[in-house]
Amino acid sequence: MSKKKVQKFYLVKGFKDILPEDQPYWEFLRKKCFNVAKSYGYERIDLPILEDSKLFVKGVGNLTDVVSKEMFSFETLGKERVSLRPEGTAGAVRAYIEHGMMNRKKPVKLFYMGPMFRYDKPQAGRYRQFYQFGLEIFAGDEPIIDSQMIYMVYQFFDELKIPIIVKINSIGCPKCREKFLKVLKDYLKKNKSKLCKDCQLRYNKNVLRILDCKEKKCKEIIQESPQILDHLCEDCNKHFVKTLEYLEDSQINYELDPFVVRGLDYYNRTTFEVVPTEEFAGGEISAQGALAGGGRYDYLVKSLGGQNTPAIGVAFGMDRIVNALKKIKDLEIPSINSSDIFVAQLGDKARKKVLALFEKLRRAGFSVSESISKTSLGQQLEEANRLKTKLALIIGEKELLDKTILIRDMESGSQEVVPENKIESVLETRLKSLDINVKKTRIRN
Ligand code: AMP
């Protein structure tokens, strides 16, 4: 027989699997995200992964890197031109308009969580599919909203024990930015040939983005460039000063950074980015180090066909936050596979009984696990230990005959025999005495 080589398959470049061993971190982070969103009054919205490509071209901007170079775009069988979403704000705005959310009680606060796709150069912390948790507030241009959002972002990382700095800037409104761009172009003109290739193109198409370039030679030129904060109009300046004033009182760790211009076109006024402290990051903080970013986008709703609606949003990079969480030594990440009770058996007849017992307890809402395929009691108890089980229920021949169940405390090793018809009430009492909130455990009820 000829041995045919079977083709093996691998991940597509820039994509990754999130394996079971990493899931506790993700579960922990997701819960924190849901918690913060709920406590600040955000409502969940699930947006599709696929949108009309034009939404991003118009919303994010066709001259941005994200749209011009990084979108996964294709034509459907029905000849629609669609893209995998590279970010969440444009979709959230589309949904806000499409579902008439401007008629809801203001402000409308939405949050989303899910995968984003960018055909970016894969490297550490930069993937082609990555996950974002995003928050958007529609209606309201008061600076207190900007401050509160930045404050909330800071508290979020503080709770996660990730030491961060919030870098804040204002990129003004279309009017003052227009004037600033002329000043910036004048300054860059003499050094144009020294800029990287991308920035030479940006010079004509999107000059502001040059300020955000991470190339060493561009950074050197930009270092001395005029700053937008010195060119804000009176209203934008007032807005920025007020935003900072509120933050000053809240004593969070922030710094002004005139280079935080963000990669997407829809921003105006306040922009911010969150980076881990240098000490935590263990060296220079690179662009790949940003853990979250956001800002105001007062003109986006109108430009996508809605009413004039000032808005502000933030997106957290969940993959990078998980990477950061892994670096924290004293962080306790709850195991997601642990259970309070383990059912074990000795012998084939007992196995049938244990199968039914497992189902009965599971349906009653207890956190219970088993390893029914194993025959040795030792191996079963080993598994119970691995799952950090508090109580093991053991049924052998004697228990079968007596219609009893042996309860073993996995920590102390003490054992108790109880009639099988009393098992549920005994377990409740025992778990309560171990300080386990049985009601909370009984989540399925
Ligand atoms: P942005 O939408 O570019 O403002 O990104 C918001 C956050 O998403 C960033 O601060 C990162 O934490 C994360 N992020 C953006 N692009 C990627 C990527 N290619 N891979 C992993 N995380 C990303």
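A.B. asks: Please clarify how empty space enclosed by the protein should be interpreted in this entry.
C.D. replies: A water-sized probe rolled over the atoms picks out the places where empty space is left. Taken as a whole and assessed by the stated rule, the structure comprises 1 cavity of 30 Å³ or more. Within this model, the largest cavity holds a volume of roughly 30 Å³. Lining of the largest cavity is provided by L47, P48, E51, F56, R85, E87, G88 and G91. Per-class residue counts for the lining of the largest cavity are 3 nonpolar, 2 polar and 3 charged.

A.B. asks: Before we go on, may I ask you to explain the packing of aromatic side chains in this structure?
C.D. replies: Any pair of aromatic rings gets described here by the distance separating the centres and the angle formed by the planes. Under the counting rule described, the total for this entry stands at 15 aromatic pairs. With a centroid separation of 5.6 Å and 75° between ring planes, the pair formed by F72 and Y119 is classed as edge-to-face. Note that F72 is positioned in the loop between α3 (65-68) and β3 (73-75) and Y119 in the loop between β5 (108-117) and β6 (129-138), a separation of 47 residues in sequence. Taking relative accessible area as the criterion, Y119 reaches 44% and is therefore assigned partly exposed. Seen from their ring centres, F133 and F316 are 5.3 Å apart, and the 25° between their planes marks the pair as stacked.

A.B. asks: Please explain the site of the ligand as it appears in this structure.
C.D. replies: If you check the shell around the ligand, you find 15 residues, and the closest are R118, Y127, Q132, R262 and A290. In this structure, an oxygen atom belonging to the ligand sits 2.7 Å away from a side-chain N or O atom of R118. Between the ligand and G317, the relevant distance is 3.5 Å, taken from an oxygen atom to a main-chain nitrogen or oxygen of the residue. Protein coverage of the free-state accessible area of the ligand, which is 480 Å², stands at 93%. Secondary-structure elements contributing two or more residues to the shell around the ligand are β6, β10 (292-296) and β11 (311-317).

A.B. asks: Sorry, what's going on with the sheet that holds β3 here?
C.D. replies: Strand pairs in the sheet, formed through backbone hydrogen bonds, run parallel or antiparallel to each other. Here 3 strands make up an open sheet; going across it, the order is β2-β4-β3 and the pairing antiparallel. Strands with a single pairing partner mark the edges of an open sheet, and in this sheet they are β2 (50-52) and β3. Adjacent strand axes in the sheet meet at a mean angle of 35°, parallel and antiparallel pairs treated alike. By the bridge criterion, 3 bridges tie β2 to strand β4 (residues 81-84) in an arrangement that is antiparallel. Paired with L50 across the strands is L84, a residue of β4. Here helix α2 (residues 53-61) sits on the sheet and contacts β2, β3 and β4; the angle it forms with β2, its principal contact strand, is near 70°.

A.B. asks: Would you mind going over the sheet that holds strand β14 (residues 391-395) with me for this structure?
C.D. replies: If you trace the 5 strands from one edge of the open sheet to the other, you get β13-β12-β14-β15-β16, paired in mixed fashion. Looking at which strands have only one partner, the edges of the open sheet turn out to be β13 (368-370) and β16 (415-419). On average, adjacent strands in this sheet sit at an angle of 30° to one another, irrespective of strand direction. Here strand β12 (residues 341-345) pairs with β14 via 5 bridges, running parallel. Considered in β14, the bridge of I341 is made with L391. In this fold helix α13 (residues 348-363) packs onto β12, β13, β14 and β15 (404-409), with an angle of close to 165° to the strand it touches most, β12.

A.B. asks: What is the right way to read the pairing of strand β9 (residues 268-276) from this model?
C.D. replies: Regular strands place side chains that alternate from one sheet face to the opposite one. Across the 9 residues of β9, 9 count as buried, placing the element largely inside the fold. In the sheet, strand β7 (residues 164-170) pairs with β9 via 7 bridges, with the strands oriented antiparallel. Within β9, the position partnered with K167 by the bridge is E273. Of the pairings in the sheet, the one linking β9 to β10 comprises 5 bridges and is antiparallel in character. Across the sheet, residue N268 finds its bridge partner in β10, namely R296.

A.B. asks: What exactly am I supposed to notice about the pattern of salt bridges here?
C.D. replies: For side chains bearing opposite charge, pairing can occur when the charged atoms are close. What the rule picks out here adds up to 27 salt bridges. Across the pair R202 and D65 runs a salt bridge, and its minimum N-O distance is 2.8 Å. Of this pair, R202 sits in helix α7 (residues 197-205) while D65 sits in helix α3, and the two are 137 residues apart along the sequence. Its relative accessible area of 15% is what places D65 among the buried residues. A salt bridge links E416 to R430, with the shortest nitrogen-to-oxygen separation between them at 2.5 Å. Residue E416 is found in strand β16, and its partner R430 is found in helix α16 (residues 423-433); the two are separated by 14 residues along the sequence. What emerges from the salt-bridge pattern is a single network uniting D65, K69, D198 and R202.

A.B. asks: Can you help me understand the pairing of β7 in this one?
C.D. replies: With 7 of 7 residues buried, β7 is to be regarded as a mostly interior element. Side-chain alternation along β7 places I164, V166, I168 and S170 on one buried face and I165, K167 and N169 on a second face that is also buried.

Conventions adopted
Residues numbered from 1 in each chain as written. Predicted model: local features only at pLDDT ≥ 70, side-chain atom pairs only at ≥ 80, totals over all residues. Heavy atoms only, no water. 1 Å grid on protein atoms, 1.4 Å probe; cavity = no way out; pocket = protein on both sides within 12 Å on 5 of 7 lines; lining within 4 Å. Points joined across faces, edges and corners; volume = space filled by probe spheres on them. Nonpolar A, V, L, I, M, F, W, Y, C, P; charged D, E, K, R; others polar. Phe/Tyr/Trp six-rings, centres within 6.5 Å; stacked < 30°, edge-to-face > 60°. Helix = DSSP H or I, 4+ residues; strand = E, 2+ residues; numbered from the N terminus. Buried < 20%, exposed > 50% of the residue type's maximum accessible area, 1.4 Å probe, protein only. Near = heavy atom within 4 Å. Polar contact = N/O pair within 3.5 Å; in protein donor to acceptor, adjacent residues only side chain to side chain. Areas by Shrake-Rupley, 256 points an atom, 1.4 Å probe, with all protein chains shown as cover. Pairing = 2+ DSSP bridges. Axes fitted to C-alpha atoms, helices over the stretch in contact; angles between N-to-C directions. Contact = heavy atoms within 4.5 Å. Salt bridge = Lys/Arg side-chain N within 4 Å of Asp/Glu carboxyl O.

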